[in-house]
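# Breakdown of the fold
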Amino acid sequence: MKVLLLGIGNVLYADEGIGVHFVNYIAENYKFSHESDQLDITDGGTLAQGLIPIICQYDYLIVVDTVNAHDVEPGQVYFFDFDKAPAEIDWQGSAHEVEMLQTLNMMDMVGDRPKTYILGVTPTVLEPMTLGLTPMVEAAVPLMEKTLLAHLNQLDFSCDRINEIDINTLIPESYKRGVNYNEEY
């Protein structure tokens, strides 16, 4: 089985970048292994439909993103099967969230969507040009981490902690990940 851990979000909008920051945090801190299955970790940014050729290559998808929910406090962590979303989840959040929902629904219509789970946290601040996370969303990271690791353990992935890098250490550089520093300008 091929499993994709996909971080979605816009790192320039504070808490909306949690999906990207979180998968970078997991990739920096853990090494996963499995007897026969494969786990890939990808920063999907705000690509949504542009990710279809990548997503359809997998059997299992875990999307990490913000989720909006009615009558809950910021920093609330959700983990659910995409096909059984809790009633309070509101998919009408940010533009990238709506596009990701549409992408998953389009893939479902043509039979290309893998089994999908959502690991999300309700955001506090979605302000343009604000790098970093609010304290309430940052406080949700340990629960998100524990939830993800427990789920991957249920899928029989072994997990070794290889670093102790704090998520805030990664945030100032996360938007530069695609830059080739060897290029001359």
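Residues numbered from 1 in each chain as written. Predicted model: local features only at pLDDT ≥ 70, side-chain atom pairs only at ≥ 80, totals over all residues. Heavy atoms only, no water.

### As for the overall build of the chain
The helix and strand tally for the chain stands at six helices and nine strands. A total of 185 residues make up the chain; the buried ones form 47% of that total. The long-range fraction of contacts in the chain, counting pairs at least 24 apart against all pairs at least 6 apart in sequence, stands at 78%. (Helix = DSSP H or I, 4+ residues; strand = E, 2+ residues; numbered from the N terminus. Buried < 20%, exposed > 50% of the residue type's maximum accessible area, 1.4 Å probe, protein only. Contact = heavy atoms within 4.5 Å.)

### Thoughts on the environment of P123
Here P123 lies in the loop between β8 (115–121) and α4 (135–138). P123 has contacts with D15, T66, V67, N68, P74 and V137, leaving out every residue within four places of it along the chain.

### What to know about helix α5 (residues 141–154)
Between its first and last C-alpha atoms α5 spans 20 Å; for 14 residues at 1.5 Å apiece the expected length is 20 Å, and the two agree. All buried positions along α5 are accounted for by V141, M144, E145, T147, L148, H151 and L152. Each buried residue of α5 lies within a common arc of 165 degrees when the element is viewed along its axis, so the set occupies one face. Facing away from the buried surface of α5 by more than 90 degrees, the exposed residues are K146, N153 and Q154. (Expected span 1.5 Å × (residues − 1). Arc of directions from axis to C-beta.)

### Overview of the confidence of the model for the chain
Overall, the prediction assigns the chain a mean pLDDT of 87, with 86% of residues at 70 or greater. Counting contacts from residues 175–185, a segment whose pLDDT is below 50, to residues more than four positions away or on other chains yields nine contacts. (pLDDT = per-residue confidence, 0-100.)

### Looking at the sheet that holds strand β3 (residues 38–45)
Strand order in the open sheet made by the five strands is β3-β1-β4-β8-β6, with mixed pairing throughout. Among the strands making up the open sheet, the edge pair consists of β3 and β6 (77–81). Neighbour-to-neighbour, the strand axes of the sheet open up by a mean angle of 15 degrees, direction not taken into account. Here five bridges tie β6 to β8, and the two strands are oriented antiparallel to one another. Bridge assignment links V77 to a residue of β8, and that residue is V121. (Pairing = 2+ DSSP bridges. Axes fitted to C-alpha atoms, helices over the stretch in contact; angles between N-to-C directions.)

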